Amino acid sequence: MDSVMPAQEPAVDDKDDDVDLPPEDTDGIAYISSTRKRDSIKDDSEDLKPVIDGMDGIKISQGLGLQDFDLIRVIGRGSYAKVLLVRLKKNDQVYAMKVVKKELVHDDEDIDWVQTEKHVFEQASSNPFLVGLHSCFQTTSRLFLVIEYVNGGDLMFHMQRQRKLPEEHARFYAAEICIALNFLHDRGIIYRDLKLDNVLLDADGHIKLTDYGMCKEGLGPGDTTSTFCGTPNYIAPEILRGEEYGFSVDWWALGVLMFEMMAGRSPFDIITDNPDMNTEDYLFQVILEKPIRIPRFLSVKASHVLKGFLNKDPKERLGCRPQTGFSDIKSHAFFRSIDWDLLEKKQALPPFQPQITDDYGLDNFDTQFTSEPVQLTPDDEDVIKRIDQSEFEGFEYINPLLLSTEESV
C-alpha cells in the first residue's frame, strides 16, 4: 500500500522517467560491497554510454559523478525516485543509486525533505541495521544518492512466498528492528515508515531498514510533531486523531509488522464485498475503533507483546515510557531469549539466509523492476532553466569512513 507522504514530499511525476523508487523503498547496499564476478549477468552500461556522455558537460558536482559508475539494473521505483543497481568502476564495488529529479523538488519544504533524507542516510551509516550512504552528487537535472546495496530482498518479498513466519524468525527480525529504531530515536529521529517493504535482508539474513523519506528530525525528549503521514495500514491512532505525536508511532508500526509476520495478515484486514467498507476512511475507522483480535495459534508471549505494541493509547504502549521504553521492550518475555549484546554486535545467527543465485541477488527483486531497460531520459533544457541550482548547494557528499578504504583497494 502506498505511503501517505508528509507535506514536504515532492509530488508524483507521471512521466515514465528516472524519478522513481524501489518496490516502494528497496534502496539498499553495503560499503563492504560485494566484488562479485561480472560475466553471468548482462548489464546495460554500454547501452547507457551515449546518455551518460551527454550528461558529462553538465555535471556540477566535484568528485564522483555518473561517469564513475556502470549502471546495471533497475531494482525499484516509487513516486519520486528510481533506484538503480550500479558498480563503481574504480574498484568494482556494487551499490544502489537513488535518482531524484530536481524538477520535483520545487519549494522550500521539498528541499528540506531531501536534505533530511540525506542527513539520516549519513547518520545511518554507523548502524549495522540501517542502510547507509556512500556518496551524493548532482547534475543540473538530477540528484544522486549512492547507498548500500542489500541483496537479500525485502520482507514483503519473502512474506509473499512464505505467508507467515515462525515466531522465532519474527522475534529475531523484530529485535534487530528495535535496535535500529532506538538508534534513530536516540538521535531525535522518528522513522515514520516502518513496513514490510522497507525491511531488507542482507546476504547473511540480518535486517536493514531503508528509505528515510518520511523521517522527522530534531526531536528532543518530550518533543512532538503533527504531520499526517505514513503508509495507511501502519498509521498509528494518534496520527489519525490529529494529535501531536512522538516516537510512539514507530512502536505502533512495529506491532503491525510483527502481527503481519506471525499471523500472515494485517491486524486490520477488511474482507468484504461492500465498496463502502473497502476505503481508506473505513480502514482508519477500524484502526481507531475496532479491538485487535490476536490469532489463537500464537503463543501467550507473542500475544502479549502484540497487545503491548498495538495499544491505541501511546502513553500505555510498549516502548513508550519515558526513560525506560527501550528497556521495557528488551525485558519483555517475548524477547527473553534474545542476547541483546550479541545482537547489537551483529553476531547473533540469523534464522534464515536468503538465496543468492546470481552475481547480484537479483532473484530477490521484483521482475517488474529488474526487467525494465536501464535508462535516464534526456534532459529538458526548458525545465532545467526553471531550476534554482543554488537550492542544491552543498548536496555533494562522500562518506569519510570510505575514503581510506577505497583508496587502498
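Here goes a summary of the coordinates provided. (Residues numbered from 1 in each chain as written. Predicted model: local features only at pLDDT ≥ 70, side-chain atom pairs only at ≥ 80, totals over all residues. Heavy atoms only, no water.)

**A few points about a negative patch on the surface**
Right, on to step 1. A contiguous patch of negative charge, built from D107, D108, E109, D112, D388, E391 and E393, is present on the exposed surface.
Right, on to step 2. Inspection of the secondary structure puts D108 in helix α2 (residues 108-124).
Right, on to step 3. Look at D108 and you get exposed, because its relative accessible area is 54%. (Patch = residues over 30% accessible without salt bridge, like charges linked within 9 Å, V, L, I, M, F, W, Y side chains within 5 Å. Areas by Shrake-Rupley, 256 points an atom, 1.4 Å probe, with all protein chains shown as cover. Salt bridge = Lys/Arg side-chain N within 4 Å of Asp/Glu carboxyl O. Lys, Arg positive; Asp, Glu negative; His and termini not counted. Charge placed at Lys NZ, Arg CZ, Asp CG, Glu CD. Helix = DSSP H or I, 4+ residues; strand = E, 2+ residues; numbered from the N terminus. Buried < 20%, exposed > 50% of the residue type's maximum accessible area, 1.4 Å probe, protein only.)

**Regarding the pattern of salt bridges**
Right, on to step 1. In this structure the tally under the stated criterion is 13 salt bridges.
Right, on to step 2. In this structure, the salt-bridge partner of R317 is E238, at a minimum N-O distance of 2.8 Å. In this pair, R317 sits in the loop between α8 (300-309) and α9 (325-330) while E238 sits in helix α5 (residues 237-240), placing the two residues 79 residues apart along the sequence. Across the pair, exposure class does not vary: R317 and E238 are buried alike.
Right, on to step 3. Here R241 ties to E243 by a salt bridge, and the two come within 2.8 Å at their closest N and O atoms.
Right, on to step 4. Looking at E243, the relative accessible area reads 32%, which means it is partly exposed.
Right, on to step 5. Within this structure, K98, E117 and D211 form a network of salt bridges that share partners.

**Some remarks on the pairing of strand β3 (residues 94-101)**
A regular strand carries its side chains on alternate faces of the sheet.
Right, on to step 1. Of all the eight residues making up β3, eight are buried; the element is thus mostly covered by neighbouring parts of the structure.
Right, on to step 2. The loop that links strand β2 (residues 81-88) with its antiparallel partner β3 comprises five residues; one of these, D92, has a positive phi angle of about 65 degrees. (Pairing = 2+ DSSP bridges.)

**A few points about helix α4 (residues 167-186)**
Right, on to step 1. Between the first and last C-alpha of α4 there are 28 Å, a value that for 20 residues agrees with the 28 Å anticipated at 1.5 Å per step.
Right, on to step 2. Counting buried residues along α4, 17 of its 20 residues qualify, which places the element largely inside the surrounding structure.
Right, on to step 3. Immediately downstream of α4, the backbone of G188 shows phi near 75 degrees, a positive value. (Expected span 1.5 Å × (residues − 1).)

**Focus on the sheet that holds strand β4 (residues 133-138)**
Sheet strands line up and pair through hydrogen bonds in the backbone, either parallel or antiparallel.
Right, on to step 1. Strand order in the open sheet made by the six strands is β1-β2-β3-β5-β4-β8, with antiparallel pairing throughout. What marks the edges here is a single partner per strand, and that holds for β1 (69-77) and β8 (397-398).
Right, on to step 2. Inspection of the sheet shows β3 paired to strand β5 (residues 142-147) by six bridges, in the antiparallel sense. Looking at β5, one finds that K98 is bridged to L145.

**Describing the nonpolar core**
Right, on to step 1. In terms of nonpolar packing, the biggest core is built from 105 residues, with L194, L209, M258 and F335 touching the most fellow members.
Right, on to step 2. Dropping the residues within four chain positions of it, M258 is found in contact with A174, V305, L306, F309, F334 and F335. (Core = buried A, V, L, I, M, F, W, Y, C linked by side-chain atoms within 4.5 Å. Contact = heavy atoms within 4.5 Å.)

**Focus on the environment of Y282**
Right, on to step 1. Relative to the helices and strands, Y282 is located in helix α7 (residues 280-289).
Right, on to step 2. Sequence-wise, Y282 and I270 are twelve residues apart; in three dimensions their C-alpha atoms are separated by 9.0 Å.
Right, on to step 3. Beyond its immediate stretch of four places on either side in the chain, Y282 contacts I270, D276, M277 and K290.
Right, on to step 4. Only 3.5 Å separates the side chain of Y282 from the side chain of K290, close enough to count as a polar contact. (Polar contact = N/O pair within 3.5 Å; in protein donor to acceptor, adjacent residues only side chain to side chain.)

Bear in mind that shape data such as this cannot, by itself, settle questions of function.
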